[in-house]
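# Structural overview
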Amino acid sequence: MQFTEHNNSIKITVPVTLNALTAQDVNAQLQQAGYGRCFLIQDQLTNLLIEYQQIQQKIKDKLQAEGVPLTYRIADMRPAELKFDISEDKMSAAAIITSAWGGPPVSANMLVKAAQEAGVVFGFSKEHIIKLVTHASKADPGSKVKLVIARGRQVVQGVDSRFEALIPDMESRRNKPLLQSEEKADLRDFGVIPSIRATEPLMRRHPPTAGVDGMTVTGNVLPATPGQVVEWNLGEGSELSAEDTDLLLAARDGLPRVIENGATVDEVFTVKNVDLATGHIIFRGSVVINGDVAESMKVIAGGNVFVKGFVEGSLIEAGGDIRIGGAIIGHQIATVEKDTEYSTELKAQGDIECNIAQYARLSASGNIYVKKQIMHCAVSAAKVYAGPEDNPNGKVIGGYFYLDYGIHTGNLGAPSSSNIYIELNRLTDPIVEKQDVLRASIAAAKKDMLDIREQLEKLKKIEGNAQIELRRQELQGEFDEHKTVALALIEDVKALELQRKEKLEQALIVAHQQLFSAVEVHFDKDIIRSRREYGPSKILLVDGSVSIEPFY
């Protein structure tokens, strides 16, 4: 066999003899001649083999002599093919290379030039381009290789003004008592209560950022939305610096407290104990109690409340945080349920921190931090930490919990199978209520649509006149209006459902050491109850179902 190359075509010339000729023979000779990666023209090969056999038969019948040459265009040298796939949002572009059939491969420069001609002008990845052309040059002939070779730049939206507290202790210290030595800590000593003097800096406002414009791979600019200047919320006892309007100063001596977009300096009321001798404490600022709060006593403060000792009083309410150095102790009760009345109640707009809490109702807009143990309490909070936040090794025994996100503790439950009832619905219940209202409105709209449709059907049976047609048009308009409202309400329900699911997916119960039986957890309507003892465990939603899984 002989092969000749002309205009990217390969011709084969083979003399006909009595020796058999097969497709495998032709392929082997093509490979040996260096044309193995070329595109084999199957119908030409078939025609060659048929004609070869026909002439071979004539030779056998001695009608023709051996050595008659047959020439066919057996293969083509086809170059690599290149296409581009630009995403719908124009934020990425992929190149698709069909590997060459013996022809020239696509080079990196050829790819970039072709991409530019296809409209891709921004975000090229040199690494990906080289990787793609290298892989395509080695791939099987005719195979397709695809890789993203350019990515747009995402828009970075501007950030609104940011507020930075200049006194670290203005924010909750997450139940971290001061260490007296490397190994010992006084659980009742949370350090010096933060205080400030007039004219000292409270908070700085950082300017908004302009953001960074995005860019599509086709070169279109995606403008960023600049951040907005957020105005100060000047709380009592604070004022802006005369030299710097982005600096907030204390206007009086007192206890600094962070509020939204600003700070306040609370006046401080200090007392040794709260008992029959002092009476109830009601103060618009912050209250510092260096001792205990006796049974049946009340402390109501507009700011933070600090108690260095124990709390047995009937109520402590704070517009900020409540921090108890000792224990919160209420009267023992037989069973703990959602509506159980307690002798001791704490309410905080911020966090609640204590060493031990038992037989009390604790309500916080923020988190609840218990150093050692919380037992048979009714709790409403974002999260509950039993033990230090970075190493929750405390105990949660019995009680009712109505939470946003979950519990982090060492032990959850007790060997005595004390019932714990946990509802992770504090964020989702308002969403469900909104959905119920919207569904009722949808039902009402559908009923109105049904009534209108019945009227339209009756009008169809009446011989038409101008008044009937006018009434029909009016009813059709009303029907379309109700339908538009109903569809909009349905979309609102769907959007709320996504929010509800997102909130539930963030909920998590973690027992870092042991999870006991009789712990019932509600993720909205999904319920799970532990019926045996587990090691380190977590309770969460997995693929939409509540599950108890090992925690590592």
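Residues numbered from 1 in each chain as written. Predicted model: local features only at pLDDT ≥ 70, side-chain atom pairs only at ≥ 80, totals over all residues. Heavy atoms only, no water.

### Details of the overall build of the protein
- The secondary structure content of the protein amounts to six helices and 36 strands.
- Principal axes of the C-alpha set define a box for the protein whose edges measure 135 × 90 × 65 Å.
- Looking at the protein as a whole, 43% of its 552 residues are labelled buried.
- In the protein, once contacts between residues fewer than 6 apart in sequence are set aside, the share between residues at least 24 apart is 51%.
- Summed over all atoms, the accessible surface of the protein reaches about 29700 Å², with 50% contributed by carbon and sulfur. (Helix = DSSP H or I, 4+ residues; strand = E, 2+ residues; numbered from the N terminus. Buried < 20%, exposed > 50% of the residue type's maximum accessible area, 1.4 Å probe, protein only. Contact = heavy atoms within 4.5 Å. Areas by Shrake-Rupley, 256 points an atom, 1.4 Å probe, with all protein chains shown as cover.)

### A closer look at the pattern of salt bridges
- Summed over the entire model, instances satisfying the criterion amount to 21 salt bridges.
- Residues Asp246 and Arg205 are paired through a salt bridge, measuring 2.7 Å at the closest nitrogen-oxygen approach. With Asp246 in the loop between strand 12 (238-240) and strand 13 (247-250) and Arg205 in strand 9 (residues 201-206), this pair connects stretches of sequence that are 41 residues apart.
- Between Glu474 and Arg471 there is a salt bridge; the shortest N-O distance is 3.4 Å. Taken together, the residues Glu474 and Arg471, both in helix 6 (residues 466-506) and three residues apart, mark about one turn of the helix.
- One network of salt bridges, with partners in common, ties together Glu236, Arg252, Glu267 and Arg284. (Salt bridge = Lys/Arg side-chain N within 4 Å of Asp/Glu carboxyl O.)

### Things to note about the packing of aromatic side chains
- Under the counting rule described, the total for this entry stands at six aromatic pairs.
- Centroid distance Phe39 to Trp101: 5.1 Å. Interplanar angle 85°. Geometry classified as edge-to-face. One end of the pair, Phe39, is in strand 3 (residues 39-40); the other, Trp101, is in the loop between strand 6 (92-98) and helix 3 (108-117), with 62 residues separating them in the sequence.
- Exposure remark for Trp101: the relative accessible area of 27% places this residue in the partly exposed category.
- A ring pair is formed by Phe269 and Phe283, whose centres lie 5.7 Å apart and whose planes are at 45°; its orientation type is tilted. Residue Phe269 is found in strand 16 (residues 268-271), and its partner Phe283 is found in strand 17 (residues 281-283); the two are separated by 14 residues along the sequence.
- Cation over ring: Arg78 sits above Phe39, and NZ or CZ is 3.7 Å from the ring centre.
- The ring of Tyr534 has Arg532 lying over it, and the distance from NZ or CZ to the ring centre is 3.9 Å. (Phe/Tyr/Trp six-rings, centres within 6.5 Å; stacked < 30°, edge-to-face > 60°. Lys NZ or Arg CZ within 6 Å of the ring centre and 35° of its normal.)

### Considerations on the nonpolar core
- With 55 residues, the main nonpolar core has Ile316, Leu362, Val379, Phe401 and Ile422 as its most contacted residues.
- Among all residues touching Val379, those that are not within four sequence positions of it are Leu362, Ile368, Ile374, Val384, Tyr400, Phe401, Tyr402 and Leu403.
- Counting 22 residues, the second-largest nonpolar core is a separate cluster that includes Val16, Leu30, Ile55 and Ile74. (Core = buried A, V, L, I, M, F, W, Y, C linked by side-chain atoms within 4.5 Å.)

### Some thoughts on helix 5 (residues 428-460)
- Taking 1.5 Å as the rise per residue, helix 5 with 33 residues should run 48 Å; its terminal C-alpha atoms sit 47 Å apart, in good agreement.
- Inspection of helix 5 places Thr428, Ile431, Val432, Gln435, Leu438, Ile442, Ala445, Met449, Ile452, Leu456 and Leu459 among the buried residues, and these make up the whole buried set.
- Those residues of helix 5 hidden inside the fold are in contact with helix 6. (Expected span 1.5 Å × (residues − 1).)

### Quick look at the pairing of strand 24 (residues 345-348)
- On strand 24, burial follows the alternation: Leu346 and Ala348 on one face are buried, whereas Glu345 and Lys347 on the facing-out side are not.
- One ladder, built from four bridges, connects strand 21 (residues 315-318) with strand 24; its direction is parallel. When the bridges of strand 24 are listed, Ala318 appears paired with Ala348.
- Pairing between strand 24 and strand 26 (residues 361-364): four bridges, direction parallel. Opposite Glu345, over in strand 26, you have Arg361 as the bridge partner. (Pairing = 2+ DSSP bridges.)

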